[in-house]
Amino acid sequence: MSAPTGPPRARWRHLGVGLVGLVAACAAQNGLPFLTVALRAEGLTLPQVGLLVSAPTAGLVLTLLAWGALADRYGERLVLSCGLAVAAAALTGAALADAALPTGLWLLLAGAGSASVHAASGRLVLGWFPPEQRGLAMGIRQAGQPMGVGLAALLLPRLSTGGPGGAFAFLAAGCAVAAVLVALLVRDPARPPRADGAPRPASPYRSPVLWRVHAASTLLVVPQFAVAGLAFDWLVHEAGWAAAAAGTLLAVTQVGGVAARLGAGVWSDRVGSRLGPLRRVAGAVGAVVGLLALVAVLTPDVLGPAVAAAAVALAAIATVSPNGVAFTSVAEQAGSAWAGRALGAHNTVQNLAAALTVPVAALLADGGPGYPAAFALGAVAALLAVGVVPGRAAEVPPPAAQPVAAAPR
């Protein structure tokens, strides 16, 4: 199988549209913690808000494997446009809902629709980019997550001053625009031809490599969502920050998150390994989130708001950095015939961990142990991930030799 042969401009166009889709999807899926102040003003407790915030993630968990299978069979363009349209309609329903239960159900459906982006846009990168550019391209694509969270951090607190409805309407508009762009600009990469009578590609899950990458990435979700789910509330209620200022701070940190994902992707391209960088980044995440837990113990009695902000910013940047490298490893190990399902499985276990992490961390923060315990939970999970990441010898075939479908001109 040859490397992609399409013009570079077409590759970057597809990556750009996929990035827009991921920004819109991640703003809806991961941006709801910035509505905690508005939702608590509606009379909800912090654990109740945690459940509501996790509703889109639960929708992802229920549908990611199905979206991945559909992408493998019918292509990326159909899956992306339909899924984003469903998310836009569901978020419109959430904007119009007037009670917590229907809002939660609409958010569940929004997560189910937007899950399509995670399975299908990764396939676009695998199909349109050659192996030596894939780490960078996947890093750019995965930068959509911190970009979406940053956009949500900057705008959602301001749009929700009169209630969360305006914020949900904004998220709906973003998904609708992304769906239109996909329908107009995306074309599926060519699938590799299979000779008549040739056996179907064997399942990559016969090897333990994918299982271990899934497991390590699942553990790394715990610090990411412990920080993403509670940092805003901690800054407002414990460190003395105003809601708008805390949102702006966390929006700015997402720029660092984008840079961290790009840097990890380029690093993995240059060293010819996905797993080595993933292991080292996991260790750094454990150290940084452990530092945040210590700062949470000492704030506000000993340390001031500035130190609290620095610790949150560092943790917010570090915890999003491993995702792009892990996704690239999964796509390459699975190959074009299995990439959609493998990425769907990868996102399923990640988002299951995310759906559980936010409510559990909220219970720890709201109870006796407090915010330090919630952050410490994330640090421990990251350190466990270091030992779960497979060794570099497990990268078979190596990234530079991984075959990919030829892209159409």
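What comes next concerns the included structure. (Residues numbered from 1 in each chain as written. Predicted model: local features only at pLDDT ≥ 70, side-chain atom pairs only at ≥ 80, totals over all residues. Heavy atoms only, no water.)

Quick word on the overall build of the protein chain
Stage number 1. Check the secondary structure of the protein chain and you find 15 helices and zero strands.
Stage number 2. Put simply, the protein chain has 409 residues, and 57% of those count as buried.
Stage number 3. When contacts within the protein chain are restricted to residue pairs at least 6 apart in sequence, those whose partners lie at least 24 apart make up 85%.
Stage number 4. Counting every atom, the protein chain has about 15,000 Å² of accessible surface; 70% of that belongs to carbon and sulfur. (Helix = DSSP H or I, 4+ residues; strand = E, 2+ residues; numbered from the N terminus. Buried < 20%, exposed > 50% of the residue type's maximum accessible area, 1.4 Å probe, protein only. Contact = heavy atoms within 4.5 Å. Areas by Shrake-Rupley, 256 points an atom, 1.4 Å probe, with all protein chains shown as cover.)

Some points on a positive patch on the surface
Stage number 1. Judged by side-chain charge, Arg9, Arg13, Arg77 and Arg187 come together as a positively charged surface patch.
Stage number 2. The residue arginine 187 is located in the loop between α8 (165–185) and α9 (208–237) in this model. (Patch = residues over 30% accessible without salt bridge, like charges linked within 9 Å, V, L, I, M, F, W, Y side chains within 5 Å. Salt bridge = Lys/Arg side-chain N within 4 Å of Asp/Glu carboxyl O. Lys, Arg positive; Asp, Glu negative; His and termini not counted. Charge placed at Lys NZ, Arg CZ, Asp CG, Glu CD.)

Quick word on the nonpolar core
Stage number 1. Counting 118 residues, the largest nonpolar core has Trp234 and Leu235 as its most contacted members.
Stage number 2. Here this core takes 14 residues from α9, the largest share from any one element.
Stage number 3. Both of domain 1 (7–189) and domain 2 (206–392) provide at least three residues apiece to this core.
Stage number 4. With near-sequence residues (within four places) excluded, tryptophan 234 lies in contact with Ala239, Leu292, Val295, Ala296, Thr299, Ala308, Val312, Tyr371 and Phe375. (Core = buried A, V, L, I, M, F, W, Y, C linked by side-chain atoms within 4.5 Å. Domains from an automatic or database assignment.)

A closer look at the packing of aromatic side chains
Stage number 1. One pass over the structure, following the stated rule, counts four aromatic pairs.
Stage number 2. Here tryptophan 12 and phenylalanine 129 contribute two aromatic rings whose centre-to-centre distance is 4.9 Å and whose plane-to-plane angle is 80°, an arrangement assigned as edge-to-face. With tryptophan 12 in helix α1 (residues 8–30) and phenylalanine 129 in the loop between α5 (100–128) and α6 (131–142), this residue pair connects regions lying 117 residues apart in the sequence.
Stage number 3. On the numbers, 5.6 Å between centres and 70° between planes, the contact of phenylalanine 34 with phenylalanine 232 is edge-to-face. Of this pair, phenylalanine 34 sits in the loop between α1 and α2 (36–41) while phenylalanine 232 sits in helix α9, and the two are 198 residues apart along the sequence. This pair shows no difference in class: phenylalanine 34 is buried, exactly as phenylalanine 232 is. (Phe/Tyr/Trp six-rings, centres within 6.5 Å; stacked < 30°, edge-to-face > 60°.)

Here's the deal with the packing of helix α10 (residues 243–271) against helix α12 (residues 305–319)
The geometry of a pair of packed helices is captured by two quantities: the angle between their axes and the separation between those axes.
Stage number 1. The interhelical angle for the contact between α10 and α12, taken along N-to-C directions, is 40°, at an axis separation of 8 Å. Of the two possible hands of crossing, α10 and α12 adopt the one that is right-handed. Facing α10, whose interface residues are Leu249, Leu250, Thr253, Gln254, Gly256, Gly257 and Ala260, α12 presents Ala309, Val312, Ala313, Ala316 and Ile317. (Axes fitted to C-alpha atoms, helices over the stretch in contact; angles between N-to-C directions. Left-handed = near helix turned anticlockwise from the far one by under 90°.)

Points about helix α7 (residues 144–159)
Because each turn of an α-helix spans 3.6 residues, side chains separated by three or four positions in sequence point in the same direction.
Stage number 1. Between the first and last C-alpha of α7 there are 21 Å, a value that for 16 residues agrees with the 22 Å anticipated at 1.5 Å per step.
Stage number 2. As for α7, its buried residues are in contact with α1, α6, α8, α9 and α10. (Expected span 1.5 Å × (residues − 1).)

Considering the pattern of salt bridges
Stage number 1. Tallied over the full model, the rule gives two salt bridges.
Stage number 2. The salt bridge involving aspartate 233 is made with arginine 40; its shortest N-O contact spans 3.1 Å. With aspartate 233 in helix α9 and arginine 40 in helix α2, the pair connects residues that are 193 residues apart, well separated along the chain.
Stage number 3. Assessed through its relative accessible area of 29%, arginine 40 is described here as partly exposed.
Stage number 4. Between aspartate 269 and arginine 274 there is a salt bridge, and its shortest N-O distance comes to 2.8 Å.
Stage number 5. The buried category is assigned to arginine 274, whose relative accessible area is 2%.

Things to note about the packing of α5 against helix α14 (residues 339–366)
Stage number 1. One can describe the packing of α5 onto α14 by two numbers: an axis separation of 8 Å at closest approach and a directional angle of 135°. On the basis of their axis angle, the class for α5 and α14 is oblique. In the crossing of α5 with α14, the sense of the turn from one axis to the other is right-handed. Judged by residue contacts, His118, Ala119, Gly122, Arg123 and Leu126 of α5 engage Ala339, Gly340, Leu343, Gly344 and Asn347 from α14. (Parallel < 35°, antiparallel > 145°, perpendicular 65-115°, else oblique.)

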